[in-house]
Amino acid sequence: MLLIKTKDYQQMCERAAEIIIEKVNAAAPLKLGLATGGTPKGIYRKLIEDHRNNGTSYQRVTTFNLDEYVGLPPHHPNSYHFYMNHYLFSHIDIPEKQTHIPDGMASDLEAECSRYERLIDTEGGIDLQILGIGLNGHIGFNEPGTSFLSRTHVVQLDETTRRANKRYFSSFAEVPTHAITMGIATIMKSSEIILLVNGRKKAKVLRRLFEEEVNEQLPASVLKKHPHVTIIADEEALSSLYVSP
Ligand SMILES: N[C@@H]1[C@@H](O)[C@H](O)[C@@H](COP(=O)(O)O)O[C@@H]1O
């Protein structure tokens, strides 16, 4: 794992956006895995800024989101469909048919999971996956204890995750109890992965990631087995670690 240390959140977003933009502008079409949550918002702002100022085009980019809540329709302001349109897709020139997010409203959720997993494979897999990390070490919505062999599946969300995400809802009861998420094996199939970690509240989990052996109780620890992972972390997130000068 390569570690890029940044001064703050802004710099973390700039570095990540630079890497993404370089791949978007490369000769080959790009299949990009995207994340939601608070962490990537600043990156999406940078991508939009660059699209407006430098004309970077997303016509040959296909995106796959990591996850979606079960039971929230796409127009619901807390759905990840809404989030992606609001924070990125509606501001860039990506064709809608090239943006993919699991359908949390599907009547047959198991069939939806298989369809999504197949779609990623049919499209030839993800070239670059962007990841955030949950306070309990989850990636996507793969909570502690999830098998490293898991593919896209329905999960019951941990209470800690529902509490962490409550800030986006008017009450805890409104936070969905289930979600569809790419599995850990799905994420690990990506050719390259960038993990973003910022803020003091993530310091503890980042320290665990560096110190613990690979284990299913810390889902993000699986990334140590991937050949091409870059962690971009800011000073606050790195504050519990000894960082050599
Ligand atoms: N499903 C998402 C994850 O994909 C995200 O990486 C994580 C961290 O969220 P945040 O960036 O808001 O800290 O939790 C959410 O529950």
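Since the model is a prediction, treat every value here as computed from it, not as a measurement.

Caption draft 1: Examining the site of the ligand more closely. In the vicinity of the ligand there are 14 residues, among which Gly-37, Gly-38, Thr-39, Gly-132 and Gly-134 approach most closely. Residues of the shell around the ligand, tallied by class, amount to four nonpolar, nine polar and one charged.

Caption draft 2: Geometry of the packing of helix H1 (residues 9-24) against helix H2 (residues 41-54). Between H1 and H2, the shortest axis-to-axis distance is 8 Å and the interhelical angle comes to 55°. If you check the angle between H1 and H2, you find them oblique. Considering the relative orientation of H1 and H2, their crossing is right-handed. Across from Tyr-9, Gln-10, Cys-13, Glu-14, Ala-16, Ala-17, Ile-20 and Ile-21 in H1, the residues of H2 making contact are Gly-42, Ile-43, Lys-46, Leu-47 and Asp-50.

Caption draft 3: A look at the UniProt feature "domain: Glucosamine/galactosamine-6-phosphate isomerase" (unreviewed entry) in the protein. The feature "domain: Glucosamine/galactosamine-6-phosphate isomerase" (unreviewed entry), as annotated in UniProt, sits at residues 10-226 in this numbering. Helix makes up 33% of residues 10-226 and strand 15%, and the two end C-alpha atoms of the span are 27 Å apart.

Caption draft 4: Local environment of the UniProt feature "active site" (unreviewed entry) in the protein. Annotation from UniProt places "active site" (unreviewed entry) at Asp-67, Asn-136, His-138 and Glu-143. Structurally, Asn-136 can be placed in the loop between strand E6 (128-131) and strand E7 (153-156). Residue classification places Asn-136 among the partly exposed positions, given that 18 C-beta atoms sit within 10 Å. Setting aside anything within four residues of it in sequence, one finds Asn-136 in contact with Glu-143, Pro-144, Asp-158, Thr-160 and Thr-161. On the secondary structure map, Glu-143 appears in the loop between E6 and E7. Leave out the neighbours within four places in its chain, and Glu-143 touches Asn-136, His-138, Val-155, Asp-158 and Thr-161.

Caption draft 5: Structural detail: the sheet that holds E7. Across the sheet, three strands lie side by side as E4-E8-E7; this open sheet has antiparallel pairing. Single-partner strands in this sheet number two, and they are strand E4 (67-69) and E7. Taken pair by pair, the neighbouring strands of this sheet meet at an average axis angle of 25°, ignoring direction. Of the strand pairs in this sheet, E4 and strand E8 (residues 178-181) are connected by three bridges, and their pairing is antiparallel. Residue Asp-67 lies in a different strand from E8, and its bridge partner there is Thr-181.

Caption draft 6: Up close: helix H3 (residues 80-87). Among the residues making up H3, those that are buried are Tyr-80, His-81, Tyr-83 and Met-84. Axial view of H3: buried residues confined to an arc of 165°, hence all on one face. Where H3 is buried, its residues contact strand E2 (30-34), strand E3 (61-65), E4 and strand E5 (99-100).

Caption draft 7: View of the environment of Val-214. Tracing the sequence through the fold places Val-214 in the loop between helix H7 (203-211) and strand E10 (229-234). Sequence spacing of Val-214 and Lys-225 is 11 residues, and the spatial spacing of their C-alpha atoms is 8.0 Å. Filtering out sequence-adjacent residues up to four positions away, Val-214 remains in contact with Ser-221, Val-222, Lys-224 and Lys-225.

Caption draft 8: Quick peek at the pairing of E2. Where burial is concerned, most of E2 is hidden: four out of the five residues are buried. One ladder, built from five bridges, connects E2 with E3; its direction is parallel. Considered in E3, the bridge of Leu-32 is made with Thr-63. This β-α-β element, E2 to H2 to E3, shows right-handed connectivity. Two elements, E2 and E6, share two bridges in a ladder whose sense is parallel. Directly across from Gly-33, in E6, lies its bridge partner Gln-129.

Each value, and the rule that gives it
- Residues numbered from 1 in each chain as written.
- Predicted model: local features only at pLDDT ≥ 70, side-chain atom pairs only at ≥ 80, totals over all residues.
- Near = placed C-beta within 6 Å.
- Nonpolar A, V, L, I, M, F, W, Y, C, P; charged D, E, K, R; others polar.
- Axes fitted to C-alpha atoms, helices over the stretch in contact; angles between N-to-C directions.
- Helix = DSSP H or I, 4+ residues; strand = E, 2+ residues; numbered from the N terminus.
- Parallel < 35°, antiparallel > 145°, perpendicular 65-115°, else oblique.
- Left-handed = near helix turned anticlockwise from the far one by under 90°.
- Contact = placed C-beta atoms within 7 Å.
- UniProt positions renumbered as here; feature names shortened; annotations may be inferred.
- Buried ≥ 20, exposed ≤ 12 C-beta atoms within 10 Å, placed from the backbone.
- Pairing = 2+ DSSP bridges.
- Arc of directions from axis to C-beta.
- Right-handed = clockwise from strand over helix to strand, strands pointing away.

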